[in-house]
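# Coordinate analysis (summary)
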Amino acid sequence: YVFTMTVRTMQLLLKSVDFAARAHRDQRRKGPAREPYINHPIEVSRLIVECEPATAEDVLCAAILHDVIEDCGATHGEILACFNENIANIVLEVSDDKALPRDERKAMQIQMAPKLSNDAKLVRLADKIANVGAMLTDTPIGWDRSQILQYADWAENVVAPCRSVSQGLSDRFDAIIRDVRAWHAGEAERTGS
Ligand code: ZN
């Protein structure tokens, strides 16, 4: 695939990285490495462009911005003003309603997944690859094995209706899920539980 990046694309992409980095400036990932939160949306957009190089720039920007409404209190209107309607809509689609209790939000993600646009499905799928991957590489502090396995099961349900948008991302998701379950089985054997 021959990809020619225009100056406009670079400007838009770096503008979204700048916006998200500032929005997430006081946040860290939940693992012991305490990585800056911005590493996560950067990983999500990288996964998309690696597996689906023809993805539109708006989707890559939305991937960079995908947690700024949910985690930083940014609004749809702010993203609309700084970027465009398409980007703002994708970010809104993948944002949980933080007013709902955690269990309800998780159930909503499964319920809403089939109704997402194809662009939002790409972001959703890559987001789950990054988050399930982090369960192995930088396990959230305080999470036990059964919580990790439950997270993997839940992520699989959210991802199921999103798989059709990318074979490459689906394959990566499956590989990560396999690794998590193999690790879990290995741990169970080691500890006899
Ligand atoms: Zn995310």
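Note that this is a predicted model, so its numbers are computed, not measured. (Residues numbered from 1 in each chain as written. Predicted model: local features only at pLDDT ≥ 70, side-chain atom pairs only at ≥ 80, totals over all residues. Heavy atoms only, no water.)

A few words now on the packing of helix α6 (residues 85-93) against helix α8 (residues 118-137). Running from N to C, α6 and α8 point in directions that differ by 55°, and their axes come no closer than 9 Å. As the angle between them shows, α6 and α8 are arranged oblique. The chirality of how α6 crosses α8 is right-handed. Counting all contacts with α6, which are made through Asn86, Ile90 and Glu93, the residues of α8 involved are Asp119, Ala120, Val123 and Arg124. Class assignment of the residues belonging to the contact of α6 with α8 gives a composition of 3 nonpolar, 1 polar and 3 charged. (Axes fitted to C-alpha atoms, helices over the stretch in contact; angles between N-to-C directions. Helix = DSSP H or I, 4+ residues; strand = E, 2+ residues; numbered from the N terminus. Parallel < 35°, antiparallel > 145°, perpendicular 65-115°, else oblique. Left-handed = near helix turned anticlockwise from the far one by under 90°. Contact = heavy atoms within 4.5 Å. Nonpolar A, V, L, I, M, F, W, Y, C, P; charged D, E, K, R; others polar.)

This paragraph deals with α6. Buried within α6 we find Ile87, Ala88, Ile90 and Val91. Down the axis, α6 shows its buried residues gathered within 165° of arc, on one side only. With a side-chain oxygen lying 3.0 Å from the backbone nitrogen of Asn86, the N-terminal cap of α6 falls on Asn84. (Buried < 20%, exposed > 50% of the residue type's maximum accessible area, 1.4 Å probe, protein only. Arc of directions from axis to C-beta. Polar contact = N/O pair within 3.5 Å; in protein donor to acceptor, adjacent residues only side chain to side chain.)

Another point: unusual backbone geometry. For Arg34, which is not glycine, the phi dihedral falls at a positive 50°. Checked against the element boundaries, Arg34 lands in the loop between α1 (7-23) and α2 (39-51). The class for Arg34 is partly exposed, based on a relative accessible area of 44%.

As a rule of thumb, soluble globular proteins bury nonpolar side chains together. By size, the foremost hydrophobic cluster in this structure holds 48 residues, and its most contacted members are Ile48, Leu65, Ile79, Ile87, Leu169 and Phe173. Sort the elements by how many residues they give to this core and α8 lands first, with 9 residues. Once residues lying within four places of it in the same chain are set aside, the contact partners of Leu169 are Leu47, Ile48, Cys51, Leu122, Leu125, Ala126 and Ile129. (Core = buried A, V, L, I, M, F, W, Y, C linked by side-chain atoms within 4.5 Å.)

This paragraph deals with the packing of aromatic side chains. Throughout the structure, instances matching the rule amount to 3 aromatic pairs. Ring geometry for Trp143 against Tyr151: centres 5.9 Å apart, planes inclined by 65°, an arrangement best described as edge-to-face. On the basis of relative accessibility, which here comes to 22%, the residue Trp143 falls in the partly exposed class. Here the basic side chain of Lys15 rests over the ring of Phe83, its NZ or CZ set 5.1 Å away from the ring centre. Over the ring of Trp154 we find Lys106; its NZ or CZ atom is 4.0 Å from the centre of that ring. (Phe/Tyr/Trp six-rings, centres within 6.5 Å; stacked < 30°, edge-to-face > 60°. Lys NZ or Arg CZ within 6 Å of the ring centre and 35° of its normal.)

Around the zinc ion, the protein supplies His40 (NE2), His66 (NE2), Asp67 (OD) and Asp127 (OD) as donor atoms, at distances of 2.1 to 2.5 Å. Coordination at the zinc ion is irregular: its 4 donor atoms span angles of 81 to 173° at the metal. Summarised as a motif, the one-chain spacing of the donors to the zinc ion is H-x25-H-D-x59-D. Taken together, the residues span a long stretch of sequence, with His40 in helix α2 and Asp127 in helix α8 at a distance of 87 residues. Given the relative accessible area of 2%, His40 is considered buried. (Donors = N, O, S within 2.8 Å, 3.2 Å for Na, K, Ca; no water. Tetrahedral: all angles 85-135°; square planar, octahedral: opposite > 155°, others 65-115°.)

The full count for this structure, using the stated rule, is 11 salt bridges. A salt bridge links Asp18 to Arg22; the shortest N-O distance between them is 3.0 Å. Remark: Arg22 and Asp18 occur in helix α1; sequence separation between them is 4 residues, near one turn of the helix. In the salt-bridge network here, residues are joined through shared partners; they are Arg46, Glu50 and Arg172. (Salt bridge = Lys/Arg side-chain N within 4 Å of Asp/Glu carboxyl O.)

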